[in-house]
Amino acid sequence: MASIMEGPLSKWTNVMKGWQYRWFVLDYNAGLLSYYTSKDKMMRGSRRGCVRLRGAVIGIDDEDDSTFTITVDQKTFHFQARDADEREKWIHALEETILRHTLQLQGLDSGFVPSVQDFDKKLTEADAYLQILIEQLKLFDDKLQNCKDDEQRKKVETLKETTNSMVESIKHCIVLLQIAKSTINPVDAIYQPCPLEPVINTMPSQTVLPPGSGHSPPSSSLTSPSHVNLSPNTVPEFSYSSSEDEFYDADEFHQSGSSPKHLIDSSGSVSALTHSSSGNSLKRPDTTESLNSSLSNGTSDADLFDSYDDRDDEGEAGSVEEHKSVIMHLLSQVRLGMDLTKVVLPTFILERRSLLEMYADFFAHPDLFVSISDQKDARDRMVQVVKWYLSAFHAGRKGSVAKKPYNPILGEIFQCHWTLLPNDTEENTELVSEGPVPGVSKNSVTFVAEQVSHHPPISAFYAECINKKIQFNAHIWTKSKFLGMSIGVHNIGQGCVSCLDYDEHYILTFPNGYGRSILTVPWVELGGECSISCSKTGYSANIVFHTKPFYGGKKHRVTAEIFSPNDKKSFCSVEGEWNGVMYAKYTTGENAVFIDTKKLPIVKKKVRKLEDQNEFESRCLWKDVTYNLKIRDIDAATEAKHRLEERQRAEARERKEKEIQWETRLFHEDGECWVYDEPLLKRLGAAKH
């Protein structure tokens, strides 16, 4: 942690009713955020005001990614950073400062000190009540639907809004308690803020100031203000401003409707002028041609592809110990109401593969997928779709510890295929020239995924088997949420299994994911109701992934009901564990093992060798991060990851400046769905004509 951090921010003032440019200095040791009308005034010691950080609370609004508040001494100060990244750097530094000085204050008090066990018990109770409260919040929606009186409806809406704010505050309190525990009693001594590190450089070399600020832009990036001497002895008893009208109270703005967040220019009042040196990165490359170009004629499958998984040599024991403390790094970044897609995870919690590659695990049992089209009866095909669907989740988790895959870069591609047992026929040995992975057998299941959007984060993926005339197209938008002592990931989107011989399309949805026990060793749980339906045949299925109850109950439970057309009673019920054994019970009285994931062999995917991949393919794109994680050089891995992310930001800024829209490589948007450009259905239709 830097002893002092400084740089420009905009501060809301009631005098001018707007944002005013100020130069801020954060003193970690003194616990003080001072501000000046300019950098020159700061150098002359002419302080405009200051915010005492002991006991302060940071707040943000997820509707805006550049503003934040500090509430202390019964006052609320509003600030605006250049962008989301700038805000995160300031908030991270501010919260560590607040934490240090708040704990020092607590240390002065004497009296009963509860044990760690007492702390854990109360924290667990608090989280249990929080989950109950979150469930109770859903009742407001039912009440609003049935409320016909306008006045009564307005009261319910106000109550709902107030309760939502309270829930968010409770979540934030739980985070602060977790961080406090880690600081007092660190696990593996990971959380050790040092006040003697150099100053954090948070500003680019060139900055545009807010319109009408009347000040010159800073001439250099953040530097250590050695000329400033802010010792703890100079900390004022209360936060102050040269004009007491400069601060505002949150209630005042709620009533007046002139909250500063509504007055921010949509383009942002502070922006960086940085440029990418790669002009070609803005154009859509001829992806198909470039992917095919690396496939030379006359080479065998073994020459071009390997089935190595970057997680194969990942030790489980070491991972468990790392994860006992890694969550403290995550919690130190979580803010009130924050979208967790913006949280920067420590590099050593990463899974050493991209999220796009993780989606390929849906086809870890390719034989179950292709056998859907082998069923002669529509009822049997629906049962087989459900069987493949329920088998598709366990392979994505290797080991007992939850790790997070890399967030894909916009335009990133992942390709692979699975070789099915051949029947030694000429048809099965014939190679394909089109589709997701050209140059492999027609009896293979081929897969391709692309990151089609960065904000919001949307991944699209497609798979097919030519010989079986079956294809699958899906898109998933991941939306994260902080839930107290858990993290929820809402998977928004849908998939479609198409049996081309029968002209049947099975639409399915995906469960939500939860990271549980984030204070100790995280583990993954699935939850939520999903559905599978075929409009042509009328068959459908309802699937429920059950989250573990707070008291008792089993982990990873799943139940499913499969229905015939127009029937309200299911003909098949499935129950068990999605990562274990599932049992089926039919109305005929037959009981049988539906799926046993412990006995199902996982077919390893084959991926083009690294040296033959293009730079936008996942493993090639992330190779430096992956390599350094393997050799446990965390600093080098972090730096490699940072370079990728910075390049993506620079390209996004350049596209915005040149008013160029990003063009996807292999998928296009069709209504609310993302569809593969050249699916098997389209290619077979073209071949007939």
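Basis of the calculations
Residues numbered from 1 in each chain as written. Predicted model: local features only at pLDDT ≥ 70, side-chain atom pairs only at ≥ 80, totals over all residues. Heavy atoms only, no water. Helix = DSSP H or I, 4+ residues; strand = E, 2+ residues; numbered from the N terminus. Contact = heavy atoms within 4.5 Å. Areas by Shrake-Rupley, 256 points an atom, 1.4 Å probe, with all protein chains shown as cover. pLDDT = per-residue confidence, 0-100. Buried < 20%, exposed > 50% of the residue type's maximum accessible area, 1.4 Å probe, protein only. Salt bridge = Lys/Arg side-chain N within 4 Å of Asp/Glu carboxyl O. Pairing = 2+ DSSP bridges. Core = buried A, V, L, I, M, F, W, Y, C linked by side-chain atoms within 4.5 Å. Phe/Tyr/Trp six-rings, centres within 6.5 Å; stacked < 30°, edge-to-face > 60°. 1 Å grid on protein atoms, 1.4 Å probe; cavity = no way out; pocket = protein on both sides within 12 Å on 5 of 7 lines; lining within 4 Å. Points joined across faces, edges and corners; volume = space filled by probe spheres on them. Nonpolar A, V, L, I, M, F, W, Y, C, P; charged D, E, K, R; others polar. Axes fitted to C-alpha atoms, helices over the stretch in contact; angles between N-to-C directions. Parallel < 35°, antiparallel > 145°, perpendicular 65-115°, else oblique. Left-handed = near helix turned anticlockwise from the far one by under 90°.

## Comments concerning the overall build of the protein chain
Helix and strand counts for the protein chain stand at 16 helices and 29 strands. Of the contacts formed within the protein chain by residues at least 6 apart in sequence, a portion of 63% connects residues at least 24 apart. Counting every atom, the protein chain has about 33,300 Å² of accessible surface; 51% of that belongs to carbon and sulfur.

## Digging into the confidence of the model for the protein chain
Atom-level detail of predicted coordinates should not be read off regions where pLDDT is low. Averaged over all residues, the pLDDT of the protein chain equals 75, while 67% of them reach at least 70. Of the regions scoring below 50 in pLDDT, residues 293-299 engages in nine contacts with residues more than four places distant in sequence or in other chains. Confidence drops under a pLDDT of 50 for residues 315-327, and excluding neighbours within four residues, the segment shows 31 contacts in the predicted structure.

## A closer look at helix α14 (residues 623-630)
Every buried residue of α14 is listed here: Val-625, Thr-626, Asn-628 and Leu-629. Looking one or two residues past α14, Arg-632 carries a phi angle of roughly 60 degrees, positive in sign.

## Overview of the pattern of salt bridges
Inspection of the entire model under this criterion finds 23 salt bridges. Ionic pairing is found between Asp-501 and Lys-469, a salt bridge with its closest N-O pair at 3.9 Å. In this pair, Asp-501 sits in the loop between β18 (487-499) and β19 (504-508) while Lys-469 sits in the loop between β16 (458-465) and β17 (470-482), placing the two residues 32 residues apart along the sequence. You can call Asp-501 exposed: its relative accessible area is 53%. You can call Lys-469 partly exposed: its relative accessible area is 35%. A salt bridge links Glu-654 to Lys-658; the nearest nitrogen and oxygen atoms lie 2.9 Å apart. Here Glu-654 and its partner Lys-658 are both found in helix α15 (residues 634-658), four residues apart, which amounts to about one turn of the helix. Taking the relative accessible area as the measure of exposure, Glu-654 reaches 4% and is therefore buried.

## A word on unusual backbone geometry
Each neighbour pair has its own omega, and for His-455 with Pro-456 the value is 0 degrees, a cis peptide bond. Within the secondary structure, Pro-456 is located in the loop between β15 (445-453) and β16. A positive phi angle, near 55 degrees, is found at Asp-503, a position not held by glycine. The residue Asp-503 is located in the loop between β18 and β19 in this model. The phi torsion at Arg-632 lies on the positive side, around 60 degrees, for a residue other than glycine. Looking at the secondary structure, you find Arg-632 in the loop between α14 and α15. Among the residues examined, Arg-632 registers a relative accessible area of 52% and is labelled exposed.

## Digging into the pairing of strand β21 (residues 523-534)
Where β19 meets β21, three bridges bridge the pair, whose relative direction is antiparallel. When the sheet's bridge partners are listed, Tyr-506 is paired in β21 with Cys-534. Pairing analysis gives five bridges linking strand β20 (residues 512-516) to β21, with the strands arranged antiparallel. Within the sheet, the bridge partner assigned to Gly-513 lies in β21 and is Leu-526. By the bridge criterion, six bridges tie β21 to strand β22 (residues 540-546) in an arrangement that is antiparallel. The residue bridging Gly-528 from the neighbouring strand is Phe-545, located in β22. What sits between the antiparallel neighbours β21 and β22 is a turn of five residues, in which Gly-538 has the positive phi angle 90 degrees.

## Regarding the nonpolar core
Core analysis: the largest hydrophobic core is formed by 61 residues, its most contacted members being Leu-390 and Phe-447. Take this core: its biggest share by element is eight residues, from helix α11 (residues 378-390). Formed by 22 residues, the second largest nonpolar core is a distinct cluster that contains Leu-33, Phe-77, Ile-91 and Leu-94.

## Let's talk about the pairing of strand β25 (residues 581-586)
Alternating positions in β25 separate cleanly, Met-582, Ala-584 and Tyr-586 being buried on one face and Val-581, Tyr-583 and Lys-585 remaining unburied on the opposite face. Pairing between strand β24 (residues 572-577) and β25: five bridges, direction antiparallel. Looking across to β25, one finds that Glu-575 is bridged to Tyr-583. Pairing geometry for β25 and strand β26 (residues 591-596), over five bridges, is antiparallel. Each residue of the ladder has a partner; that of Ala-584, found in β26, is Ala-592.

## Structural notes on the packing of aromatic side chains
Centre-to-centre distance and the angle between the planes together describe a pair of aromatic rings. Across all of its chains, the model carries 28 aromatic pairs by this definition. Relative to Trp-19, the ring of Trp-12 has its centre 5.6 Å away and its plane inclined at 80 degrees; by these criteria the two rings are edge-to-face. You'll find Trp-12 and Trp-19 in the same group, each marked buried. When the ring of Phe-363 is compared with that of Phe-472, the centres are 5.7 Å apart and the planes differ by 65 degrees; the resulting orientation is edge-to-face.

## Re empty space enclosed by the protein
Per the stated rule, a full pass over the model turns up three cavities of 30 Å³ or more. The wall of the second largest cavity is formed by ten residues, among which Arg-353, Ser-354, Tyr-406, Ser-618 and Arg-619 lie closest to the centre. Of all the secondary structure elements, the ones that give two or more residues to the lining of the second largest cavity are β12 (350-354) and α13 (618-621). In terms of residues, the lining of the second largest cavity owes the most to one element, β12, which gives three residues. Taken together, the residues of the lining of the second largest cavity break down into two nonpolar, three polar and five charged.

## Things to note about the packing of α14 against α15
Packed helices, taken two at a time, are described by their axes: the angle between them and the distance between them. Running from N to C, α14 and α15 cross one another at 165 degrees; their axes reach a closest spacing of 8 Å. By the criterion of interaxial angle, the relationship of α14 to α15 is roughly antiparallel. As for how α14 packs across α15, the hand of that crossing is left-handed. Contact residues: Asp-624, Val-625, Asn-628 and Leu-629 in α14; Ile-634, Ala-636, Ala-637, Ala-640, Lys-641 and Arg-643 in α15. Grouping the amino acids of the contact of α14 with α15 by side-chain chemistry returns six nonpolar, one polar and three charged.

## Brief notes about the environment of Asp-65
Structurally, the position occupied by Asp-65 is in the loop between β5 (57-59) and β6 (67-72). For Asp-65, a relative accessible area of 36% gives the class partly exposed. Along the chain, Asp-65 and Ala-81 lie 16 residues apart, while their C-alpha atoms are 8.8 Å from each other.

## Description of the environment of Val-72
Mapped onto the elements of the fold, Val-72 is located in strand β6. Judged by relative accessible area, Val-72 falls into the buried class, the value being 5%. C-alpha of Val-72 to C-alpha of Ile-58: the two residues are 14 residues apart in sequence and 9.2 Å apart in space.

## Looking at the side chain of His-365
Inspection of the secondary structure puts His-365 in the loop between α9 (355-359) and α10 (366-370). By relative accessible area, His-365 is classed as buried at 2%.

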